[in-house]
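Here is how the chains run, residue by residue.
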Amino acid sequence: MFGRTKRLWGKAPFKSSYDAVIVGGGLHGMATAYFLARDHGIRDVAVIEKRYIGFGGAGRNTAIVRANQRTKENIPLYDEGLKLWPTLMAELDFNMMFFNCGNLNLGHSEAAMNSLRMQVASAQFMGVESELADARQCKELVPALDISDRLKYPIFGGMYHPPGGTLRHDAVLWGLAKGAARLGVHIHQQTEVRGIRTDRGRVVGVETDRGTIRTTRALNAAGGYSPLISSMVGIRLPIHVLPIQAMVTEPVKPFLHHVISSGMYHCYANQSLKGEIVTGAHMDQWPSYTTNVSAYYIKHQAEALTELMPCLKGLKFMRIWAGLTDMTPDMAPIMDGNDPVSGYYMDCGWGYFGFKSGPIVGRYMAQYMAKGERPEILKPFSLRRFEENRLLGETATPIEYGPWN
């Protein structure tokens, strides 16, 4: 006779006052709550989620992690985040299925290879393992690749990043939620934030459909809905919300032992532990808050994947889904606080890089909220960089905007 399975976190009482309120029950919000409680003893924290934990981007991604970014501002953050995963799994005693398989980003022109050379040099200069590969070496890493000149965009080479890999995305969120709840954090699902109260330029409360919460600290970690939350305190964010689609095939025997991506084909893929080919495209070209999927992207992925790896012809797609990306003009996030509203913090604008950075950013945002001083590593990501024309150069990571149809 089997006993009942114990829930990872219970249903907490809804209080009228908390030391901190986090809007958004995704990876960034939950990580911040966990580290507030673990590192700073701030356990009187409410995580407010309109739907359920993992409804948004945390539950709708392809779970790839890497540190082969382009800029000196981003590389250290992602590198530290990549090194955190094994420690976090041991600490939470939760199997997040971290698979350190390495990432291979393909280049399809001399210009692309020059960009990858610069990216590899930047990574190596900052102590991140990354190396340039020619077409033959790419095929040695992924034998299924077609490196002939028959491709519409032949493979010139690539950038191989051994520390990268994949995790089980929902396991990451469940582990953090379990850890946060164990430390006293209250998780309120099916609760909608309807306003943020301020008085004389300071946060004093958060209005929900279950009542108003008194608080002096509020974090906007609402992903695609972050512009709406910021508008509640009169802050307009330079974010466009664009859907992004992904899908999985029927399972096949293991053959794809690394994550591969191609900016020219707007395609990336890896093989799951179940044998499925998990693949995603570039973002939809029109702003939208829908998570509708389209036949266009099924056709696009099928054509791109079978051109790069002809052995996949005839394989069937089994599921397709879409999520929302909160894109800034420079494809770098906004991590800011106390400006111009004291006690109001933002962790948003991650686009499709949010999963990779969740726990490490949560740790730094927790420090920011607890001490009121921005950690040095977060300073380049202020909101005011847009009005001061200090855009970060992450737009070239590594994407070639080609005319693939």
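Details of the structure are given in the entry above.
Throughout this document, residue positions are counted from 1 along each chain, in the order its sequence is written. Since the coordinates come from a predicted model, pLDDT governs what is reported: local features require at least 70, and pairs of side-chain atoms require 80 or more to be given and counted, while whole-chain, interface and lining totals use all residues. Calculation of side-chain values draws on the structure's entire complement of heavy atoms; hydrogens and water are dropped beforehand.

A.B. asks: Tell me about the nonpolar core, and name the residues and values.
C.D. replies: Within the largest apolar cluster, 65 residues are counted, with the highest numbers of intra-cluster contacts made by Met 30 and Leu 176. Going along the chain from the N terminus, every DSSP run of H or I of four or more residues is numbered as a helix, and every run of E of two or more is numbered as a strand. With 9 residues, helix α2 (residues 74-92) is the largest single contributor of residues to this core. In this description, contact between two residues means that some pair of their heavy atoms is separated by no more than 4.5 Å. Apart from the residues within four sequence positions on either side, Met 30 is in contact with Gly 25, Val 47, Ile 53, Leu 173, Leu 176, Ala 177, Ala 180 and Ile 187. Throughout, nonpolar core names a set of buried Ala, Val, Leu, Ile, Met, Phe, Trp, Tyr and Cys residues whose side chains join them through atoms within 4.5 Å. Using a 1.4 Å probe on the protein chains alone, a residue whose accessible area is under 20% of its type maximum counts as buried, one over 50% counts as exposed, and one in between counts as partly exposed. Counting 26 residues, the second largest nonpolar core, distinct from the first, contains Ile 48, Ala 218, Val 241 and Cys 348.

A.B. asks: I'd like to hear about the sheet that holds strand β13 (residues 240-249), residue by residue, with values.
C.D. replies: Here we have 8 strands laid out as an open sheet, ordered β5-β6-β4-β14-β15-β16-β13-β17, and mixed in their pairing. Because the sheet does not close on itself, it has two edges, and the strands there are β5 (131-134) and β17 (317-327). Averaged over neighbouring strand pairs, the angle between their axes works out to 20 degrees when direction is ignored. DSSP calls a pair of strands paired once it identifies at least 2 bridges connecting them. As paired elements, strand β4 (residues 103-107) and strand β14 (residues 259-262) share 4 bridges and run parallel to each other. Each bridged residue has a counterpart across the sheet, and for Asn 105 the counterpart in β14 is Ser 261. Inter-axis angles, ranging from 0 to 180 degrees, are taken between N-to-C directions of lines fitted to C-alpha atoms, where helices are fitted over the stretch in contact. Relative to β5, helix α3 (residues 110-125) is tilted by about 150 degrees, and along the sheet it contacts β4, β5 and β6 (157-161).

A.B. asks: Account for the pairing of strand β9 (residues 193-199), with residues named and values stated.
C.D. replies: Relative to strand β10 (residues 202-208), β9 is paired through 6 bridges, and the arrangement is antiparallel. Along β10, the bridge assignment pairs Asp 199 with Arg 202. Connecting β9 to the next strand, β10, in antiparallel fashion are 2 residues, including Arg 200 with a positive phi near 55 degrees.

A.B. asks: Could you give an account of the pattern of salt bridges, naming the residues involved and the relevant values?
C.D. replies: For salt bridges, the criterion is a side-chain nitrogen of Lys or Arg within 4 Å of an Asp or Glu carboxyl oxygen. Enumeration according to the criterion identifies 19 salt bridges in this entry. The residue Glu 192 makes a salt bridge to Arg 194 at a minimum N-O spacing of 3.9 Å. Its salt-bridge partner being Lys 274, residue Glu 276 comes within 3.7 Å of it at the nearest N-O pair. By sharing partners, the salt bridges in this structure join Arg 38, Asp 39 and Glu 91 into a single network.

A.B. asks: Please give an account of the sheet that holds strand β11 (residues 211-214) that cites residues and values.
C.D. replies: Neighbouring strands of a sheet are bound in pairs by backbone hydrogen bonds; such pairs are parallel or else antiparallel. Judged by pairing direction, the sheet is antiparallel, and its 3 strands sit side by side in the order β9-β10-β11 without closing on themselves. Unpaired on one side and paired on the other, β9 and β11 mark the two borders of the sheet. Geometrically, the sheet is characterised by an average inter-axis angle of 25 degrees between neighbouring strands, direction not taken into account.

A.B. asks: Hey, could you go over α2 for me, with residue numbers and the actual values?
C.D. replies: Compared with an ideal rise of 1.5 Å per residue, which puts 19 residues at 27 Å, α2 spans 26 Å between its outermost C-alpha atoms and is within 8% of the ideal. Where α2 is concerned, the buried positions are Asn 74, Ile 75, Leu 77, Tyr 78, Asp 79, Gly 81, Leu 82, Leu 84, Trp 85, Leu 88, Met 89 and Leu 92. Asp 93, located one to two residues past α2, shows a positive phi value of around 55 degrees. Expected span of a helix: the number of residues minus one, times 1.5 Å.

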